[in-house]
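The chain contents come next:
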Amino acid sequence: MNVMRDSHAVATQAMPDGQTVLSLRHWDDRLFSFRVSRPVGFRFRSGEFVMIGLPDENGKPVLRAYSIASPFWDEELEFYSIKVPDGPLTSRLQKIGVGDKVIVRTKPTGTLVLDALLPGRTLWMVSTGTGVAPFASLMREPETYEKFENVLLTQTCRNRSELDYGADLHRRLMDDPLVGEVAAVKFRRHATTTREVSERMGRITDLIESGRIFDDLGMAPFDPAHDRVMICGSMALNRDMKRILDARGFTEGANSRPGEYVVERAFVD
Ligand code: A2P
């Protein structure tokens with residue numbers, strides 16, 4: 001720990017873009033979230049990601065892509081991370097404390113933005129694991145509720161404790177001064193586990209193919225005429241969701257060419 005603090009001190013002096021950790025929470029032995037100060041003048045669109053990290057023992061930055069889990073208007077930046085015991089970044093990032101510095105590069109990018117979707121009626125945000133992070137941003141974004149009548153967040157995880165962060169996001173959303181009222185009407189969360197028994201079980205892909213999720217939520221099956229889908233999960237989920245949507249006539253969108261769905265990989269693994 002002392003060694004890390006020493007290297008921090010060196011890096012903080014050398015790196016003017018170090019942001020201060022303001023709060024953090026460990027959700028279980030594999031997941032944690034934290035909030036840092038916002039770099040002065042930093043602008044991004046809700047749903048985008050940035051490179052963040054820590055200096056190594058030589059002061060050289062070790063950076064990874066992280067979705068910003070707070071909306072564009074928030075004074076702080078939130079991130080949600082897994083802890084990989086021997087991961088070059090997360091093995092050390094998981095040990096940060098309030099007051100420590102984290103490098104935040106201020107070049108946001110990403111395709112999980114509202115501008116990359118054509119107008120529609122229902123927005124589906126489909127995630128596995130830490131892929132929920134960009135949706136933590138978009139679910140607090142007023143424009144999300146201006147553009148869509150229904151906003152549905154799905155998250156599939158192996159175990160129940162991995163769903164705690166999403167459950168907390170949902171609670172915080174209901175208390176949100178800006179969008180809480182409209183979200184109470186338009187937003188719903190559908191969380192499932194695959195390896196531990198819980199209230200709702202199964203991979204989201206299976207629940208879509210069987211039609212179960214549409215029954216559960218009282219929604220009509222996917223239709224490119226009015227459904228829009230944002231996907232953020234493992235490579236396998238992203239691939240399977242693409243296949244499901246392509247087979248139903250959806251077209252993939254991008255910043256330069258809006259479409260009926262967009263996809264991005266959940267980064268740190
Ligand atoms: P499963 O337990 O059936 O593999 P991981 O921790 O491996 O990233 O997985 C996170 C969650 O995503 C797990 O619940 C896992 O289910 C699920 N998952 C993995 N692959 C797919 C896929 N191709 N489609 C849907 N869900 C998937």
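It should be noted that the structure appears before, not after, this text.
Computed from a predicted model, the values in this text were never measured in an experiment.

Asker: Can you walk me through the environment of T194 in this structure?
Answerer: Note that T194 resides in the loop between strand 9 (187–193) and helix 7 (204–210). On the basis of relative accessibility, which here comes to 31%, the residue T194 falls in the partly exposed class. C-alpha of T194 to C-alpha of T156: the two residues are 38 residues apart in sequence and 7.2 Å apart in space. Not counting the four nearest positions on each side in its chain, T194 is found in contact with T156, C157, R158, M201, G202 and R203.

Asker: Even after reading the chapter, I still don't get the pattern of salt bridges, so can you show me in this structure?
Answerer: A side chain with one charge may pair with a side chain of the opposite charge, provided their charged atoms come close. The full count for this structure, using the stated rule, is 19 salt bridges. Between R172 and D168 there is a salt bridge whose closest N-O contact spans 3.1 Å. Taken as a pair, R172 and D168 lie in helix 5 (residues 164–174) at a separation of four residues, close to a single helical turn. With a shortest N-O distance of 3.4 Å, D240 and R239 are connected by a salt bridge. Each of R25, R35, D74, E76, E78, R140, D168, R171, R172 and D176 takes part in one network of salt bridges that share partners.

Asker: Can you walk me through the site of the ligand in this structure?
Answerer: By nearness alone, every residue bordering the ligand is listed as T128, T156, C157, R158, T194, R195, R203, T205, A236, L237 and D240. Here R203 contributes a side-chain N or O atom positioned 2.9 Å from an oxygen atom of the ligand. Within the side chain of T205, one N or O atom sits 3.2 Å away from a nitrogen atom of the ligand. For the ligand, whose free accessible area comes to 560 Å², the fraction covered by protein is 81%. Of all the secondary structure elements, the ones that give two or more residues to the shell around the ligand are strand 8 (150–157) and helix 9 (235–247). Of the residues forming the shell around the ligand, the biggest block, three residues, is contributed by helix 9. The class makeup of the residues in the shell around the ligand is three nonpolar, four polar and four charged.

Asker: Even after reading the chapter, I still don't get the side chain of T144, so can you show me in this structure?
Answerer: In this fold, T144 is placed in helix 4 (residues 142–147). At 2.7 Å, the side chain of T144 forms a polar contact with the backbone oxygen of L138. For T144, the residues in contact, after removing those within four places along its chain, are L114, L123, L138 and V151.

Asker: Please clarify how the nonpolar core should be interpreted in this entry.
Answerer: The nonpolar side chains of soluble globular proteins are, as a tendency, buried together. One finds M125, F135, M139, Y145, Y165, F187 and M230 to be the most contacted residues of the largest nonpolar core, which totals 33 residues. Residue assignment for this core shows that the elements contributing at least two residues are strand 5 (76–82), strand 7 (122–128), helix 3 (133–138), strand 8, helix 5 and strand 10 (227–233). Tallying contributions element by element places helix 3 first for this core, with four residues. Residue-level mapping places this core at the junction of two domains, with at least three residues from each of domain 1 (12–104) and domain 2 (114–264).

Parameters at a glance
Residues numbered from 1 in each chain as written. Predicted model: local features only at pLDDT ≥ 70, side-chain atom pairs only at ≥ 80, totals over all residues. Heavy atoms only, no water. Helix = DSSP H or I, 4+ residues; strand = E, 2+ residues; numbered from the N terminus. Buried < 20%, exposed > 50% of the residue type's maximum accessible area, 1.4 Å probe, protein only. Contact = heavy atoms within 4.5 Å. Salt bridge = Lys/Arg side-chain N within 4 Å of Asp/Glu carboxyl O. Near = heavy atom within 4 Å. Polar contact = N/O pair within 3.5 Å; in protein donor to acceptor, adjacent residues only side chain to side chain. Areas by Shrake-Rupley, 256 points an atom, 1.4 Å probe, with all protein chains shown as cover. Nonpolar A, V, L, I, M, F, W, Y, C, P; charged D, E, K, R; others polar. Core = buried A, V, L, I, M, F, W, Y, C linked by side-chain atoms within 4.5 Å. Domains from an automatic or database assignment.

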